[in-house]
Amino acid sequence: MTTVIPVIPLKGSVGTAHTRVEGRDKVTGAARYAGEIPFAELAHGWLALSTTARGRIRSMDTDAVLAMPGVLTVLHHGNAPRLETGYPGLMGMQPDVSIALFQHDRVPHAGWPVALVVAETSEQAREAAEALVVEYDEEPHDTEFHADRPGAYTAADEPHAAAVTAKGDLEAELARSAVVVDARYTTPEEHHSPLEPHAATARWEAGRLEVVDSNQGAVWVQGELAGLFSLDPASVRVRSEHIGGGFGSKSVRAHQVAAVMAATVLQRPVRVVLTRRQMFSLAGYRSPTAQRIRLGADADGRLRALGHEALNLSSTVHEYLEPSAMPGRVLYGADAHHTAHRIVRLDVPSPTFMRAPGAAPGSFALESALDELAAKCGVDPIELRVRNEPETGPVSGLPFAGRTLVACFREGARRFGWADRDPRPGLRRDGRWLLGTGTASASHHAGTAPSTAAATAEADGTFTVRISASDIGTGARTALTLIAADALEVAPDRVRVLIGDSDFGPAMIAGGSMGTSSWAWAITAAVARLRERLAGSGAVPPEGVTVRADSTAAIAALPPKERHSYGAQFAEVAVDVATGEVRVRRMLGIFSAGRIVNPLTARGQFVGGMTWGISMALHEEAVRDRASGAHVGADLAGYHVAAHADVPDIEADWLPAERDEDDPINIKGIGELGIVGAAAAVANAVWHATGVRHRHLPIRPDRVLSEGQA
C-alpha cells in the first residue's frame, strides 16, 4: 500500500519559536559530549604528528616511550592493523585515504600522524607522545599556492557537480560586450574552529565495535569504519548524541581510526581527543582559492557573457574539489556561460567540506565582480541583478521550483534604506571614518536525500521517533520534535525524538543544508503510516506500536528542477583612514528558505552564518611557513576569528514560504545560506566607503592602507 505523505499544517508547533528541548541539559552540564562520557578501564590515545612536510620515516624510538609510566602501546606503520581503502564512500564520493593511518612510512605533509601512544591517562599519553623521537629522511616540499601554479589540472566531475560547464561562445560574447569586467580574486585557507574539539571513544562489546563520537552523521562514520576495517556494517555501532559544532569537519578523521585501532589491539576502550593545534592539520579546512571572473554586458548591464574559473589546492593523497564556480551556474542569465574548476596537488593536508562549500568563496568573487560591473555601467547593484534574472536555470535550462531572489532584494532594500544611498564611493564620513554600504546575493542548493525513520506509539500516550540524524548545534532535535508533533497533531511535550545512533538506520548526514528537509520527509512518512496503523484500533499494547518508513522512492520521484534557497545580504562599514581598520556597523539579511520550522533557532543559524561572513571578510587567514610547510599560529590566538567586538547590529529575517507543489515538506536548509554573499556584501561596502576595490580576503588594515595609497 502506498503511504500518502500529508502536507504538514502551517499552523501548530511548526513556525512558532521554541527553546531547545535539550537546552536545560546543555546549560547545566547534564548533556555529555563525546570526550566526557565515562567508560570502565578507559585508556587514552595521543597522536604524534610529523615535524617534516615531506619524506619518509627512517626510525622511531618506541622502546624508550614504552618504558614510560602508564604507557600501554605505541602504534605506527610497523605494527598497526592493515586497512582497506577501496570501499565505496558516502553518496558516491571517493573515501579520503588520508585517514588510513600507519599504513606506510611516507610523510605527505607536516602534521601527518606517525604514531599513536596509548596510556592509562591522557597526561601520560601526551607526555610520552611528545617524548617520542622520530627521525626522517626529508625531501623538498612544495606548499605554495597561487593562481599560476604549474601542475594544475581540470578536476574530475563530482557525483553532484560537473567540473566544467559551457553554454554559448564566451569569447565571442565578451568581444561583443560594451562593458567588460575581467578580474582575479583570492580567498585564503580557512578553518572550522568548532567549540568542541574532535573526540572519539572506541570499544569492542560482545564482538561488536561501538564508537562514541562527535560527528555529523553516525551512519556515515559507521560505513567508513566498516569499510576501512573490513567489517560488516551491522557489527559497527556509532553514537553521537551531542555535538558542539561541526561545519563540515566532523566526518571520519584520524582520531576515530586511531581509537578503533587501539581498542582492537588492546581489547579495552580507548579515547582519542584532538587538541586545537592538531585540528589544524587533522580536521580538514577550506582550501584557498584563486578565481578569475569575466563578465561581459551591454551598456545597460544585461549580461552577454559570464565566465568563472576557480583553482583550489588538495593534498597529494586525496583529491578534494572546492566548487567555487557553482554560484554563477544558477544565479544569473547570460547568452554565454563558462565555468571550470581546477586543482593543484601540494604537500599539505587534505581540505574538506566547510560551511557552504564552494558557495562561500565563489560568491565573494562573483558578487564582487557584479558590483564592479554595476559601477562600470552606472547601474544600481540591485537593479543590475534584477536585469539579469533568469527564467530557467542559466546552464541546466530546468525550471525553478520557486525563484525569490528579487523579492529578497526588494524587501531588504526597503528595510536597509538602500534608496537613500549615494552610489558614488568615498563621500560619506563620520569623523575619521569613511562610511559605505554594499549588497550581494545569497543562494544555496536546497536538496533532499533519502532517509529512514521509525515512529512508535507508546502505551502511555506519548510517541517516540528514532532517526540517525545529527544535531551539530543547529537545533535539529527541536525542529524534528515540532515536525513530528504537528504530523501527529499532538503537543510537542508528548513527542520524544532520539537521534545520533547508527542503529536507527540510514539517514542523511547533517550537511549540504539537507538534513532537516531529509529527516522531516522520513519522519512525516513514518508518522503517516503509524496513524494508519492506529486508526480504528483499540488500546496501544504495552510494547507500543512501531512503524518504519523510507523516503527513497518518494524523493526519487521528484521531477527535476532547480531547487534553491535565496537571500539578499546588506552591510554598512566604517573604515578608519588612519589605521585601515574596517568595522562592520550593521548587517541585514533577508532570506527565502521555504517553511521556517523554528524561528528562534533559525534566526540563530542565519546570524551565525552572517557573523562567519564578517569573519571571512576581515579576519580569517591560515598562513603556512614556506620553509617548514607547517602553519604559523595554529591556534585561536594566531588564527583570528570574529569576536564579540566585531559583531555589530545583525538582523536576519525571511519571506513567507513559497509553495512547491512537488514537495510536501517544503523545508529548505538554512545552515549554510547565511554565510553566502556575506563577505562580498562587506567587501562591496568597503569599496563604497573608500573607492578602492579589495579582491583578496581578508581585508586587513595593512591591505587597506597599502592599496589605498597605490
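Our structure's up above, just so we're on the same page.
Residues numbered from 1 in each chain as written. Predicted model: local features only at pLDDT ≥ 70, side-chain atom pairs only at ≥ 80, totals over all residues. Heavy atoms only, no water.

What exactly am I supposed to notice about the packing of helix α15 (residues 599-618) against helix α16 (residues 678-690) here?
A packed helix pair is summarised by two numbers, namely the angle formed by the two axes and the spacing between the axes. One way to put it is that α15 packs onto α16 with a least axis distance of 7 Å and a crossing angle of 55°. Judged by the inter-axis angle, α15 sits oblique to α16. Once α15 is placed against α16, the crossing between them reads as right-handed. For the pair α15 and α16, contact is made by Met610, Gly613, Met616, Ala617 and Leu618 and by Ala678, Ala679 and Val682, respectively. Split into classes, the residues belonging to the contact of α15 with α16 amount to 7 nonpolar, 1 polar and no charged. (Axes fitted to C-alpha atoms, helices over the stretch in contact; angles between N-to-C directions. Helix = DSSP H or I, 4+ residues; strand = E, 2+ residues; numbered from the N terminus. Parallel < 35°, antiparallel > 145°, perpendicular 65-115°, else oblique. Left-handed = near helix turned anticlockwise from the far one by under 90°. Contact = heavy atoms within 4.5 Å. Nonpolar A, V, L, I, M, F, W, Y, C, P; charged D, E, K, R; others polar.)

Could you clarify how one ought to interpret the nonpolar core in this entry?
Note that soluble globular proteins tend to have their nonpolar side chains buried in a common cluster. In terms of nonpolar packing, the biggest core is built from 80 residues, with Leu295, Leu373, Phe570, Val573 and Met587 touching the most fellow members. By residue number, the principal contributor to this core is helix α9 (residues 359-377), which donates 10 residues. Within the second largest apolar cluster, 47 residues are counted, among which are Ala455, Phe463, Ala469 and Leu558. (Core = buried A, V, L, I, M, F, W, Y, C linked by side-chain atoms within 4.5 Å. Buried < 20%, exposed > 50% of the residue type's maximum accessible area, 1.4 Å probe, protein only.)

Help me understand empty space enclosed by the protein in this model?
With a probe scaled to a water molecule rolled over the atoms, the places where space remains empty come into view. Under the criterion given, the structure shown has 4 cavities of 30 Å³ or more. There is about 130 Å³ of room inside the largest cavity. Along its surface, the largest cavity is lined by 14 residues, and Ser98, Ile99, Arg253, Ser281 and Leu282 are the ones closest to its centre. Of the residues belonging to the lining of the largest cavity, the class tally is 7 nonpolar, 5 polar and 2 charged. (1 Å grid on protein atoms, 1.4 Å probe; cavity = no way out; pocket = protein on both sides within 12 Å on 5 of 7 lines; lining within 4 Å. Points joined across faces, edges and corners; volume = space filled by probe spheres on them.)

I tried to follow the sheet that holds strand β22 (residues 545-550) on my own but got confused; where do I start?
The strands making up a sheet associate through hydrogen bonds between their backbones, and the pairing can be parallel or antiparallel. In spatial order, the strands read β21-β20-β19-β22; together these 4 strands make up an open sheet with mixed pairing. In this open sheet, the two strands that pair with only one neighbour each are β21 (495-498) and β22. Ignoring which end each strand starts from, the neighbouring axes of this sheet average 15° apart. Packing against the sheet, helix α12 (residues 476-488) makes contact with β20 (463-466) and β21, and its axis sits at approximately 135° to β21. Sitting on the sheet, helix α13 (residues 515-534) is in contact with β19 (452-457), β20 and β22, with an inclination near 140° to β22. (Pairing = 2+ DSSP bridges.)

Even after reading the chapter, I still don't get α12, so can you show me in this structure?
Note that an α-helix has 3.6 residues per turn; residues three or four places apart therefore point the same way. Spanning 13 residues, α12 covers 18 Å between terminal C-alpha atoms, matching the ideal 18 Å at 1.5 Å per step. Where burial is concerned, most of α12 is hidden: 13 out of the 13 residues are buried. (Expected span 1.5 Å × (residues − 1).)

Any chance you could explain the packing of aromatic side chains here in plain terms?
Note on aromatic pairs: each is described by the distance of the centres and the angle between the planes. Scanning the model with the defined rule gives 9 aromatic pairs in all. Ring plane angle 75° and centroid distance 6.2 Å describe the contact between Phe409 and Phe570, whose orientation is recorded as edge-to-face. Of this pair, Phe409 sits in helix α11 (residues 405-416) while Phe570 sits in strand β23 (residues 564-576), placing them 161 residues apart in sequence. Summarising the burial analysis for this pair, Phe409 and Phe570 share the class buried. Ring centres 5.8 Å apart and planes at 70° place the aromatic pair Trp418 and Phe570 in the edge-to-face group. In this pair, Trp418 is assigned in the loop between α11 and β17 (428-430) and Phe570 in strand β23, connecting sequence segments 152 residues apart. Phe570 matches Trp418 in its accessibility class, with the two residues each being buried. Taken together, the aromatic side chains of Phe409, Phe416, Trp418 and Phe570 make up a single cluster linked through ring pairs. The aromatic ring of Phe400 is capped on one face by Arg403, whose charged end is 4.8 Å from the ring centroid. Lying across the ring of Phe416, Arg586 places its NZ or CZ 3.8 Å from the centre. (Phe/Tyr/Trp six-rings, centres within 6.5 Å; stacked < 30°, edge-to-face > 60°. Lys NZ or Arg CZ within 6 Å of the ring centre and 35° of its normal.)

I'm lost on the layout of surface pockets in this one. Help?
Each pocket or cavity is described by its volume, and for the second largest pocket that value is around 610 Å³. Along its surface, the second largest pocket is lined by 24 residues, and Phe145, Pro188, Pro288, Glu621 and Ala622 are the ones closest to its centre. Of all the secondary-structure elements, those providing two or more residues to the lining of the second largest pocket are β9 (179-187), β14 (289-297) and β25 (623-624). Its residues placed into classes, the lining of the second largest pocket shows 9 nonpolar, 7 polar and 8 charged.

Would you explain the pairing of strand β13 (residues 270-273) in this entry?
Look at any regular strand and the pattern is simple: side chains alternate between the two faces of the sheet. Both strand β1 (residues 43-49) and β13 contribute to a ladder of 3 bridges, which runs parallel. Bridging across to β13, Gly45 finds its partner in Val272. Both strand β10 (residues 199-205) and β13 contribute to a ladder of 4 bridges, which runs antiparallel. The residue bridging Thr201 from the neighbouring strand is Arg271, located in β13.

Explain the sheet that holds β13 here, please?
With mixed pairing, the 7 strands of this open sheet are ordered in space as β3-β5-β1-β13-β10-β11-β12. In the strand order of this sheet, the two ends are held by β3 (71-75) and β12 (236-239), each with one partner. Ignoring which end each strand starts from, the neighbouring axes of this sheet average 20° apart. Packed onto the sheet, helix α3 (residues 122-131) meets β1, β3 and β5 (113-119) and runs at close to 25° relative to β1. The sheet strands contacting helix α5 (residues 218-228) are β11 (208-213) and β12, and the helix crosses β12 at an angle near 145°.

What should I look at first to understand the pairing of strand β16 (residues 336-345) in this one?
The element β16 is largely enclosed, with a buried count of 7 among its 10 residues. Strand direction decides the pairing type here: strand β7 (residues 153-154) and β16, joined by 2 bridges, are antiparallel. Across the sheet, residue Thr154 finds its bridge partner in β16, namely Arg342. Summarising the sheet, strand β8 (residues 164-167) and β16 pair through 4 bridges and their orientation is antiparallel. Bridging across to β16, Thr165 finds its partner in Thr339.

What exactly am I supposed to notice about the environment of Glu36 here?
Relative to the helices and strands, Glu36 resides in the loop between α1 (23-28) and β1. With a relative accessible area of 46%, Glu36 lands in the partly exposed category. Sequence separation between Glu36 and Ala199 is 163 residues, and the spatial gap between their C-alpha atoms is 9.2 Å. In contact with Glu36, not counting residues within four places along its chain, are Ala31 and Arg271. Within polar-contact distance, the side chain of Glu36 engages the backbone nitrogen of Tyr33 at 2.8 Å. (Polar contact = N/O pair within 3.5 Å; in protein donor to acceptor, adjacent residues only side chain to side chain.)

What should I look at first to understand unusual backbone geometry in this one?
Trans is the prevailing form of peptide bonds, just as negative phi is the prevailing case for residues other than glycine. In this structure, the amide linkage connecting Leu697 to the following residue, Pro698, adopts the cis form with an omega of -5°. Tracing the sequence through the fold places Pro698 in the loop between α16 and α17 (701-709). Backbone geometry at Phe247 places phi at a positive 65°, although glycine is not the residue there. At Ser513, a residue that is not glycine, the phi angle is positive and equals roughly 50°. Structurally, the position occupied by Ser513 is in the loop between β21 and α13. Assessed through its relative accessible area of 12%, Ser513 is described here as buried.

I'm lost on the side chain of Thr73 in this one. Help?
Tracing the backbone shows Thr73 in strand β3. With relative accessibility at 12%, the residue Thr73 sits in the buried group. Excluding residues that lie within four positions of it along the chain, Thr73 makes contacts with Leu66, Leu116, Val117, Val118 and Leu266.

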